[in-house]
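# Overview (structure and organization)
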Amino acid sequence: MNNMAIGIDLGTSYSCVGVWQNGRVEIIANDQGNRTTPSYVAFTNTGILIGEAAKNQASMNPHNTVFNVHRLIGRSFNDQDVQSNMKHMPFNVINRNDKPVINVNYKGKSINFTPEEILSMILVKMKETAEAFLTAQVKNAVITVPACFNNFQRHAIRDAGLIAGLNVLRIIIGPTAAAIAYGLDKKAPEERIVLIFDLGGGTCNVSLLTIEEGITEVKSVAGDINLGGEDFDNRLVNHLVNEFERKFKKDITPNAHSIRRLRTTCERVKRTLSISTRASIEIDSLFEGIDFYTSLTRASFEELNQDLFCSTMELIERVLRDAEIGKSQVHEIVLVGCSTYIPKIQKMICEFFNGKELNKSINPAESAACGASIQAAILSGDTSVETQDLLLLDVAPLSLGFGNAGGVMTRIIKRNTSIPTKKFEFCSTQFDNQPDVEIQVYEGERVRTKDNNLLGTLKLSGILLASKGVPQIEITFDIESNGILVVSAVDKTIGISNKITITGQLSKEEIERMVFKAEKYHAERKQHAQKIEAQISLELYTNNLLNVVQNFDNIRNELHDAAQKSITWLDNNQEAREDEYEQKQKSLESIVDQIMNTLYKINITL
């Protein structure tokens, strides 16, 4: 059990955990009996809530209930997308060293948490769910991320895993994980081209891949972290806010409690419109005692989100273009993510592929966790027949390179290059007798370095002093199978070298501090849970005791009736035979035994 590894689909809206057992994946239900858990964390005056408990109280505690953290993690506070997403977040996001940090009120104190710390709490919940099922400690995990996550964001998820006490074996993108699950029982000898369309609560991800004899090779990926079910909800919320203002001349947007109630209703309406053409909206006392009743048609919902729906098609076009594959060459289109239930989305994809039937054979909510669990089993040494021939060949989601003197990015590894990979390029000095070179490592698709992500800087000192352009500096980019990037530089003339491993935005010291902090809050949460358990136990005991007391009168009456009937029989049967007296006593004893057994069972439940 020590080598047991789990697969976690760490979703923007919901998370799911599974494990490979007895030749199959077991998706593990949480303590509420649900196989998916809301990616919500709430801070209250008594403790920290995670999952259903957090989401269920969101409307009463909107400023301290945190969700959609994927849209903050690994980003700059001033990032345009971060600023846009903050408008839909009722909790407080503040700027700390140009990083978004979540500020909440916990037990009467104002406390800051990084996005990594929030996601680590959700990972702890997934870890606990698995450990309760396996009755063993779990240390190893494979975790999914959106396809569009850059290097910093992927490292941030890895850091969240470390803070949660997990050894992250691999970070894989959601649709690729789903492809592993899809391809598990499809080991046909001929190559099949499969498109995985993953539209979840927070992101839209598309992977194009080939499956042949158990080998899953990713050809291209594309994604948008600001395109998912939450964005469809936002459109509905804005529409209903405007309708409320037209009807009642009141703006409810400053009231976080009302907006949260409206958002919860919009989530329900969205799901209803996937199976019905009209949905009713009834919210009592939504704002200032005003009841809000209205309805929405499926056609209106589709019109509100038409541009977003079209954006999902652009991602499909991009992966086909990048892989240089025509849509007629695609054998299967597999739908993943709960937002793919939307009929308009299905219709648009079907029409794009000229009426080709869509594959809905895998569970859209669980497929990524299923694939992650299979990958976790393989990486932890599982040798079962079902997994022994499976191999995943992933790709680099974004181009990698370094900046040159003109501020232009020199690409070393192009996006959608299969990994692991190792590529190099030569550069030289820019002026005579230059003693060192500074290599800035970038990630992105833009021409100018200033428009891409700076990942790190490598300095090579003590190079050959010569005229500019003479020294030959070989720069090597090496991406390992786990996605870790190592950049090295060597002066080919005199042999000196240096290298850096690209890491996340958190330092080792910061991670250690967050681990200590997480252990403290985990202990508090465990203590609070034990207190609640003791409280519930006392309540049950007390209620059972009241039931026993109430049953005493019934039992006394039953015993009295049995005795009274026996006395009456004696009075009327003074000349009965011996065996009749014995039979009557046995009958009375049987009745008494039944009544006393009932009393005994009641006492046992105490």
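Starting from 1, residues in each chain are numbered consecutively following that chain's sequence as written. Since the coordinates come from a predicted model, pLDDT governs what is reported: local features require at least 70, and pairs of side-chain atoms require 80 or more to be given and counted, while whole-chain, interface and lining totals use all residues. No hydrogens and no water enter the side-chain calculation; it runs on all heavy atoms of the structure.

### Concerning helix α4 (residues 151-163)
Along an α-helix, residues three or four positions apart point the same way, because every turn accommodates 3.6 residues. Here is the rule: Under the scheme used here, helices are H or I runs from DSSP no shorter than 4 residues and strands are E runs no shorter than 2 residues, and both carry numbers assigned from the N terminus. A helix is expected to span 1.5 Å for every residue after the first. Buried, partly exposed and exposed residues are distinguished by accessible area as a fraction of the type maximum, computed with a 1.4 Å probe on protein chains only: under 20%, between the cut-offs, and over 50%, respectively. What qualifies as a polar contact is a pair of N or O atoms within 3.5 Å, subject to a donor-acceptor requirement within protein and to the restriction that residues adjacent in sequence count only when both atoms come from side chains.
Its 13 residues place the ends of α4 18 Å apart at the C-alpha level, agreeing with the 18 Å of an ideal helix rising 1.5 Å per residue. By the burial criterion, the buried members of α4 are N151, F152, Q153, R154, H155, A156, I157, R158, D159, A160, G161 and I163. With a side-chain oxygen positioned 3.1 Å from the backbone nitrogen of F152, the residue opening α4 is N150.

### Here we look at the domain arrangement of the protein chain
Basically, it comes down to this: Where each domain begins and ends is defined by an automated method or by a domain database.
The domain boundaries assigned to the protein chain delineate domain 1 (1-185 + 364-388), domain 2 (229-306), domain 3 (398-501) and domain 4 (509-605). Distance between the C-alpha centres of domain 2 and domain 4: 50 Å.

### Thoughts on the environment of S13
The test is simple: Any two residues whose heavy atoms approach within 4.5 Å are treated as being in contact.
Positionally, S13 belongs in the loop between β1 (5-10) and β2 (14-21). Along the backbone, S13 and V237 are 224 residues apart, and their C-alpha atoms lie at a distance of 17 Å. Leaving out residues up to four positions away in the same chain, S13 has contacts with T37, P38, S39, G201, G202 and E230.

### Examining the packing of aromatic side chains
The line we're drawing: Pairing of aromatic rings covers Phe, Tyr and Trp, the last through its six-membered ring, and needs centres within 6.5 Å; plane angles under 30 degrees mean stacked, over 60 mean edge-to-face, and all others mean tilted.
Counted according to the given criterion, the structure contains 14 aromatic pairs. Between Y40 and F67 the ring centres are 5.1 Å apart and the planes differ by 15 degrees, which places this aromatic pair in the stacked class. Within this pair, whereas Y40 is found in the loop between β4 (37-38) and β5 (41-43), its partner F67 is found in the loop between β7 (65-66) and α2 (80-86), the two being separated by 27 residues in sequence. Summarising the burial analysis for this pair, Y40 and F67 share the class buried. Taking 4.8 Å as the distance between ring centres and 20 degrees as the angle between the ring planes, the aromatic pair formed by F43 and F113 counts as stacked. Here F43 is found in strand β5, whereas its partner F113 is found in strand β10 (residues 109-113), with 70 residues between them in sequence.

### Observations concerning the pairing of strand β25 (residues 473-479)
The cut-off we apply is this: Pairs of strands are assigned from DSSP output, requiring at least two bridges between the strands.
Counting buried positions along β25 gives six out of seven residues, so the element sits mostly inside the fold. Across seven bridges, the pairing between strand β22 (residues 421-427) and β25 is antiparallel. Across the sheet, E425 pairs through a bridge with I475, a residue of β25. Taking the residues between adjacent antiparallel strands as the criterion, β25 and strand β26 (residues 485-491) are bridged by five residues, where G483 takes a positive phi near 90 degrees.

### Points about a negative patch on the surface
Applied cut-off: Residues forming no salt bridge and having over 30% relative accessible area are the ones grouped into patches, like charges within 9 Å of each other and nonpolar side chains (Val, Leu, Ile, Met, Phe, Trp, Tyr) within 5 Å. Accessible areas in this description were obtained via Shrake-Rupley with a 1.4 Å probe; residue shielding takes into account the shown protein chains only. One speaks of a salt bridge when a side-chain nitrogen belonging to Lys or Arg is within 4 Å of a carboxyl oxygen belonging to Asp or Glu. Neither His nor the chain ends contribute to the count of charged residues, in which Lys and Arg are positive and Asp and Glu negative. Charged side chains are reduced to one point each, which is NZ for Lys, CZ for Arg, CG for Asp and CD for Glu.
On the surface, E190, E191, E212, E213 and D389 cluster together to form a negatively charged patch. On the secondary structure map, E191 appears in the loop between α5 (174-183) and β13 (192-199). On the basis of relative accessible area, E191 is assigned to the partly exposed category, the value being 42%.

### Section: α5
When you tally the buried positions in α5, you get 10 out of 10 residues, the bulk of the element. Among the residues of α5, those classed as buried are G174, P175, T176, A177, A178, A179, I180, A181, Y182 and G183.

### Observations concerning the environment of E213
Note on placement: E213 falls in the loop between β14 (204-212) and β15 (215-224). For E213, a relative accessible area of 49% corresponds to the partly exposed category. As for E213 and E191, which are separated by 22 residues in sequence, their C-alpha atoms are 7.9 Å apart.

### Regarding the pattern of salt bridges
Following the criterion strictly, the structure yields 25 salt bridges and no others. Here R577 and D579 are joined by a salt bridge, their closest N and O atoms 3.1 Å apart. E580 serves as the salt-bridge partner of R577, at 3.8 Å between the closest nitrogen and oxygen. Here E580 falls in the partly exposed class, since its relative accessible area comes to 30%. Connected through shared salt-bridge partners, K55, R260 and E267 make up one network.

### A word on the packing of helix α9 (residues 306-323) against helix α10 (residues 343-352)
How we decide: An axis is simply a line fitted to the C-alpha atoms; with a helix, the fit covers only the stretch in contact. Between two such axes, the angle follows the N-to-C directions and lies from 0 to 180 degrees. It is the rotation of the near helix from the far one that decides the hand of a crossing: anticlockwise by less than a right angle makes it left-handed, clockwise makes it right-handed. The residue classification treats Ala, Val, Leu, Ile, Met, Phe, Trp, Tyr, Cys and Pro as nonpolar and Asp, Glu, Lys and Arg as charged. All others, Gly included, are polar.
Two elements in contact, α9 and α10, have axes whose closest approach is 10 Å; the angle formed by their N-to-C orientations is 35 degrees. Two packed elements cross with a definite hand, and for α9 against α10 that hand is right-handed. Of α10, the residues touching α9 (which contributes Q306, F309, C310, T312, M313, I316, E317 and L320) are K344, I345, M348, I349 and F352. In terms of residue class, the contact of α9 with α10 is built from nine nonpolar, two polar and two charged.

### Quick word on the side chain of K127
With respect to the element layout, K127 can be found in helix α3 (residues 115-134). According to the relative accessible area criterion, K127 is buried, its value standing at 12%. If sequence neighbours within four positions are ignored, K127 has contacts with I6, V138, A164, G165 and L166.

### Overview of the packing of helix α6 (residues 229-248) against α9
Our working definition: For classification purposes, angles smaller than 35 degrees are called roughly parallel, those larger than 145 roughly antiparallel, those between 65 and 115 roughly perpendicular, and all remaining angles oblique.
Between α6 and α9, the least distance of the axes is 10 Å, while the angle of their chain directions is 165 degrees. Classified by the angle their axes make, α6 and α9 are roughly antiparallel. When the axes of α6 and α9 are compared, the crossing they make is right-handed. Packed against α6, whose contacting residues are D231, F232 and R235, the element α9 presents D307, L308 and F309 at the interface. In terms of residue class, the contact of α6 with α9 is made up of three nonpolar, no polar and three charged.

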